[in-house]
Amino acid sequence: MTTEQQTSPTALPLTAGRWAFDPLHSAVGFTVRHLGISKVRGRFNELDAELVVGESLADSSITATVALASIDTGNMDRDAHVRAADMLDVEKRPTMTFRSTRIGGAGEEWTLQGDLTIGDVTRPVTFEVEFGGVVEVPMEGSRHAGFDATGEFRRSDFGLDFAPGFLGDVIKVSLEVQFVEPA
């Protein structure tokens, strides 16, 4: 990736301004190994995000916040246990927040670097991002931009070292998000 791709004002093919998050067409999912032999998949049902497009990549940012209590693995008993004080402790750690520090790339392939905070611990993470494009929605005239992002982190880096041997340390995260162009 060249310096020009990182900072070129035309590198981000989006209108400058604050893009509105579209929660009806967005989702965040995760996978974690169970007993080292299979994966448990889940999602978080409460996600909020903000995309600010500046005149250059250096002036652009994205923030996403997930309500950890909204975990959904398809098993209510398991979800209740994961929310409890001996695991995620959602009373102490209600959210997981990502704040971008650098955006790079071009075309459909982008890299998003930033800080992930869970509870009172913040660590750097990187997401690979696929830009799906911008489309005008017929009937209403609004323009939507779509993105898929994937990344991973070690839960032990955030003090979430419960159930060793039962749950893997690496959490793989995938986000599918849409934003609506500023008016």
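These figures come from a predicted structure and were not determined experimentally. Every chain is numbered on its own, with residues counted from 1 as its sequence reads. Given that this is a predicted model, residues contribute local features only at a pLDDT of at least 70 and side-chain atom pairs are listed and counted only at 80 or more, while totals for whole chains, interfaces and linings are drawn from all residues. Working from all heavy atoms in the structure, the side-chain values ignore hydrogens and water.

**Here's the deal with the pattern of salt bridges**
- Salt bridge, as applied in this entry: a Lys or Arg side-chain nitrogen positioned within 4 Å of an Asp or Glu carboxyl oxygen. On inspection of all chains with the given rule, the structure shows three salt bridges.
- Taking the shortest distance from any N to any O, the salt bridge between Arg 18 and Glu 50 comes out at 2.6 Å. On the criterion of sequence distance, the pair formed by Arg 18 in strand β1 (residues 17-21) and Glu 50 in strand β4 (residues 47-53) is long-range, its members being 32 residues apart.
- Here Asp 169 ties to Arg 154 by a salt bridge, and the two come within 3.4 Å at their closest N and O atoms. Placement of Asp 169 in strand β11 (residues 167-180) and of Arg 154 in strand β10 (residues 143-154) is noted, with a sequence separation of 15 residues between them.
- To sort residues, take the accessible area from a 1.4 Å probe on protein chains only and compare it with the maximum for the residue type: under 20% means buried, over 50% means exposed, and anything in between is partly exposed. When its relative accessible area of 24% is taken as the criterion, Asp 169 is described as partly exposed. The secondary structure listing takes helices from DSSP runs of H or I that are at least 4 residues long and strands from runs of E that are at least 2 residues long, numbered from the N terminus.

**Regarding the confidence of the model for the protein**
- Of all residues in the protein, 93% attain a pLDDT of 70 or more, and the chain-wide mean is 89.
- Residue-level confidence of the predictor, termed pLDDT, takes values from 0 up to 100. Should any heavy atoms of two residues lie within 4.5 Å, those residues are counted as being in contact. Predicted confidence is poor over residues 1-10, with pLDDT under 50, and the contacts of this stretch with residues over four places away or in other chains come to 19 contacts.

**Quick notes on the environment of Leu 35**
- Here Leu 35 lies in the loop between β2 (27-34) and β3 (38-44).
- In this structure Leu 35 comes out as partly exposed when scored by relative accessible area, which is 43%.
- Along the backbone, Leu 35 and Gly 165 are 130 residues apart, and their C-alpha atoms lie at a distance of 6.1 Å.
- Ignoring sequence-local partners within four residues, the contact set of Leu 35 consists of Gly 165 and Phe 166.

**What about the side chain of Glu 181?**
- On the secondary structure map, Glu 181 appears in the segment after β11.
- Relative accessible area serves as the criterion here: at 18%, Glu 181 is assigned to the buried category.
- Contacts of Glu 181, omitting those with residues within four sequence positions, involve Thr 15, Trp 19 and Arg 143.

**Thoughts on the nonpolar core**
- Of all hydrophobic cores here, the largest spans 46 residues; its most connected members are Phe 127, Phe 147, Phe 153 and Phe 179.
- Not counting residues up to four positions away in its chain, the partners in contact with Phe 179 are Trp 19, Ala 20, Phe 21, Asp 22, Ala 49, Glu 50, Leu 51, Ile 62, Arg 143, His 144, Ala 145 and Phe 147. The definition of a nonpolar core used throughout is a set of buried Ala, Val, Leu, Ile, Met, Phe, Trp, Tyr and Cys residues joined through side-chain atoms within 4.5 Å.

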